[in-house]
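Structure assessment
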Amino acid sequence: MEGVFGKRVLLAPMAGVSDIAFRSLCLHAGADLAFTEMVSAKGLSYANEKTRHLLDRAEGEMQVGVQIFGHEPSIMSAQAAWIEDVMGDALACIDINMGCPARKIVSKGDGSALMKTPKLAAEIVKSVASVVKHPVTVKFRRGYSEETGETAPAFAKHMEEAGAAAVCVHGRFSTQMYRGVSDMSTIARVKSSVSIPVIGNGDIKCASDAIRMIDKTGCDAIMVARGAQGNPWIFTQIKAALDGAAQPSIPTMEQRISMARQHAQLLSQREGRNIVRMRKHAMWYITGMPFASAARGRINQCESLEDFEELFDSLLHRTHIVAEEE
């Protein structure tokens, strides 16, 4: 099957994270398909260049999944049609965000707020699916809150009936944000309730998590989100596990720093001198390294590629000195 359906291991859409540089590194490491940061349909409707640049592809990225969010069927469908017209075969699918738990998104009726209004959610999917030829997928959560209970299986059925070609399910309630544990059994119940492909998402932090997700839920593909932050190698590890191959070695400190440098260079090529968005990525790359805690203060002062290069040089130098003394 084409597009998202022929892919096993996907990089999730993450606001402020899944930009061109990060997608490029994850694809090179083995991700089968990556998704853009979530794109505001209303922002696109205003011809907002700050929003439209999110649709750009990374070098060598043949196809990309585009995730849009909003709650107005007419705007969602109009912008989905525009995206398809502009991107053509470079578009893998249109994904509709119905799972984001962020307050600024939910308060406007977008993201996971749509789980509270399944009729409106279905209307959005039906409206988008009626105007595009590419697959329409929906990403959502176990339910809106623990008080209202699990609604994902019934919600998934509504999405299927409305025209969704696949669904992606995260095993937490929206009000949980990222606290607690993602419930894989929810994904299994969704898989049993629909005939379309189901993508499992939530708490995939290593290759064994991915295998367990597939074994316990029967999902058709997996989607990695926070587990890839500062760790593009997770895709190499997961693909090896799925193929029954030996697990690759855990990246050394030098390899992690090298990847961080490459990430900073890619951002600099795209964004110029100011690459403050690299700060959070740098934090993730150095987590657990010697002197990482002391380096965090310096990271928050970094702005340019040169700043980050000096930081990485310093980390390696200090670590090598300690190793020689031992």
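Residues numbered from 1 in each chain as written. Predicted model: local features only at pLDDT ≥ 70, side-chain atom pairs only at ≥ 80, totals over all residues. Heavy atoms only, no water.

Side note on unusual backbone geometry
Convention followed: Runs of E in the DSSP output that reach at least two residues are strands. Runs of H or I that reach at least four are helices, and both are numbered from the N terminus. Burial classes follow relative accessibility: with a 1.4 Å probe on protein chains only, a residue under 20% of its type's maximum area counts as buried, one over 50% as exposed, and anything between as partly exposed.
A positive phi angle, close to 55°, is found at M177, a residue other than glycine. As for its position among the elements, M177 is in the loop between β7 (166-173) and α8 (184-193). Its relative accessible area of 30% is what places M177 among the partly exposed residues. Look at F291: it is not a glycine, yet its phi comes out positive at around 70°. Following the sequence through the fold, F291 ends up in the loop between α12 (278-286) and α13 (292-299).

Some details on the pairing of strand β6 (residues 136-143)
The line we're drawing: Two strands pair if DSSP finds at least two bridges between them.
Taking burial as the measure, the eight residues of β6 include eight buried ones, the bulk of the element. Examined bridge by bridge, strand β5 (residues 91-98) and β6 share five bridges and lie parallel to one another. The residue bridging D95 from the neighbouring strand is T137, located in β6. Sheet analysis places β6 next to β7, joined by six bridges and oriented parallel. By the bridge assignment for β7, T137 is matched with A166.

A few points about the pattern of salt bridges
We apply this condition: For this analysis, a salt bridge means a side-chain nitrogen from Lys or Arg found within 4 Å of a carboxyl oxygen belonging to Asp or Glu.
Applying the stated criterion to the full structure yields 19 salt bridges. Across the pair R277 and D19 runs a salt bridge whose closest N-O atoms are separated by 2.8 Å. Placement of R277 in the loop between α11 (253-271) and α12 and of D19 in the loop between β1 (9-11) and α1 (20-29) is noted, with a sequence separation of 258 residues between them. R277 sits in the partly exposed class, given a relative accessible area of 23%. Each of D19, E37, E271 and R277 takes part in one network of salt bridges that share partners.

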